Amino acid sequence: MSRPDLQGGFLGGQPRFGEVGLELHSHNKAEFNVKGDNHVCIKMKTKNPVKTVTKLVKCSGEEELSGHVLIQRKHGEVHYNVVFPGNGWYKFSIFALPESDSAESLPGVYNYLIEVSGNHKVAYPYAKVYTKFYQDYCYLDEPLYLKEGNSSSLKNVKFEVKIPGAKKVAVHAGEEWFQLTKKKDDEWEGHADLQKYAGNKTKVTVNGNYDDAGTSYSVLLDYVI
């Protein structure tokens, strides 16, 4: 597939990019190639906390893809994990405002054009991130996704996540709760046997409890297997 035609001014930083407080970090070129793989993590530095959303479009057919971007914050950075369902050209647009800005409509601040080639991997949707997860600077190390319908990969899934302020953290699937263990500095990890739920469209959630005496949990992430 040939390189798509773009409107003038589409690529790169838009007028409010600097004002919002984002800075390029991992990918300084607005057009780049991903070879032999189906994902990329684009990292941007932040001068101040930002709220941000994205749009990923497959240029062939102008198809907008949902579930293919996972946004996280870590150490003064925003990390945009992007997974691609096949080879070809993609437009990836970032929208952002300072977190202190009450406006609900976020302006476009940066646009990438990404060519994916030599990729033969299956793209699975990322975990769905809930508002509290992002606001509290939680961070998911693994798994970024679960292989829906693939029972062998769900036998003993390792979860590793940072959840500031949580007293307990658990993975929930069906009627089962799998408690994670706190390691250090708000970092939790553990394993969950999810094999029996494969292919049943079961929702798997990562949950935090914030009250020593309480039993209620807040949903922070979810997957569907």
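Rules and cut-offs
Residues numbered from 1 in each chain as written. Predicted model: local features only at pLDDT ≥ 70, side-chain atom pairs only at ≥ 80, totals over all residues. Heavy atoms only, no water. Helix = DSSP H or I, 4+ residues; strand = E, 2+ residues; numbered from the N terminus. Rg over C-alpha atoms; globule rule 2.2 N^0.38 Å. Contact = heavy atoms within 4.5 Å. Lys, Arg positive; Asp, Glu negative; His and termini not counted. Charge placed at Lys NZ, Arg CZ, Asp CG, Glu CD. Disulfide = S-S within 2.5 Å. Phe/Tyr/Trp six-rings, centres within 6.5 Å; stacked < 30°, edge-to-face > 60°. Lys NZ or Arg CZ within 6 Å of the ring centre and 35° of its normal. Salt bridge = Lys/Arg side-chain N within 4 Å of Asp/Glu carboxyl O. Buried < 20%, exposed > 50% of the residue type's maximum accessible area, 1.4 Å probe, protein only. Pairing = 2+ DSSP bridges.

Focus: the overall build of the chain
Next, step 1: Helix and strand counts for the chain stand at two helices and 19 strands.
Next, step 2: Against the globule reference of 17 Å for 225 residues, the chain gives a C-alpha radius of gyration of 19 Å, in line with a compact fold.
Next, step 3: Expressed as lengths along the three principal axes of its C-alpha atoms, the size of the chain is roughly 55 × 40 × 25 Å.
Next, step 4: Nonlocal contacts in the chain, meaning residues at least 24 apart in sequence, comprise 65% of its contacts between residues at least 6 apart.
Next, step 5: Looking at charge distribution, the chain has the averaged site of its 28 positive side-chain charges lying 2 Å from that of its 28 negative ones.

Concerning the state of the cysteines
Next, step 1: Going through the model one piece at a time under the given rule, you end up with zero disulfides.
Next, step 2: Summary of cysteine pairing: Cys41 is not part of a disulfide, and the nearest cysteine sulfur, belonging to Cys138, is at 17 Å.

Here we look at the packing of aromatic side chains
Next, step 1: For the structure on display, the rule yields eight aromatic pairs.
Next, step 2: Among the aromatic residues, those joined into a ring-pair cluster are Phe17, Phe32, Tyr110 and Tyr112.
Next, step 3: Cation over ring: Lys91 sits above Phe10, and NZ or CZ is 5.8 Å from the ring centre.

Re the pattern of salt bridges
Next, step 1: Applying the stated rule across the entire model yields 13 salt bridges.
Next, step 2: When the shortest N-O distance is used, the salt bridge between Asp37 and Lys121 registers 3.0 Å. Note that Asp37 is positioned in the loop between β3 (31-35) and β4 (39-46) and Lys121 in the loop between β10 (108-117) and β11 (128-129), a separation of 84 residues in sequence.
Next, step 3: According to the relative accessible area criterion, Lys121 is partly exposed, its value standing at 45%.
Next, step 4: A salt bridge links Lys196 to Glu176, with the nearest nitrogen and oxygen atoms 3.4 Å apart. Residue Lys196 is located in the loop between β17 (187-192) and β18 (203-209), and its partner Glu176 is located in strand β15 (residues 176-179); the two are separated by 20 residues in the primary sequence.
Next, step 5: For Lys196, a relative accessible area of 57% corresponds to the exposed category.

Some points on the pairing of strand β9 (residues 88-98)
Next, step 1: The element β9 is largely enclosed, with a buried count of nine among its 11 residues.
Next, step 2: As defined by bridge partners, strand β5 (residues 50-58) adjoins β9 across nine bridges and the pair is classed as antiparallel. Along β9, the bridge assignment pairs Thr52 with Ala96.
Next, step 3: Here β9 runs beside β10; their pairing, made up of eight bridges, is antiparallel. Note on β10: the bridge partner recorded for Ile94 is Tyr110.

Some words on the pairing of β15
Next, step 1: Note: strand β14 (residues 168-173) against β15, four bridges, orientation antiparallel. Among the inter-strand pairings, Ala173 is bridged to a residue of β15, identified as Glu176.
Next, step 2: Adjacent in sequence and paired antiparallel, β14 and β15 are bridged by two residues, among which Gly174 carries a positive phi angle near 60 degrees.

Looking at the sheet that holds β14
Next, step 1: The strand order across the open sheet formed by five strands is β11-β19-β18-β14-β15, and the pairing between neighbours is antiparallel. The sheet is open, and its two edges are formed by β11 and β15, each paired on a single side.
Next, step 2: Pairing of β11 with strand β19 (residues 218-224), which is carried by two bridges, proceeds in the antiparallel orientation. Residue pairing for β19: Val129 is matched across the bridge by Leu221.

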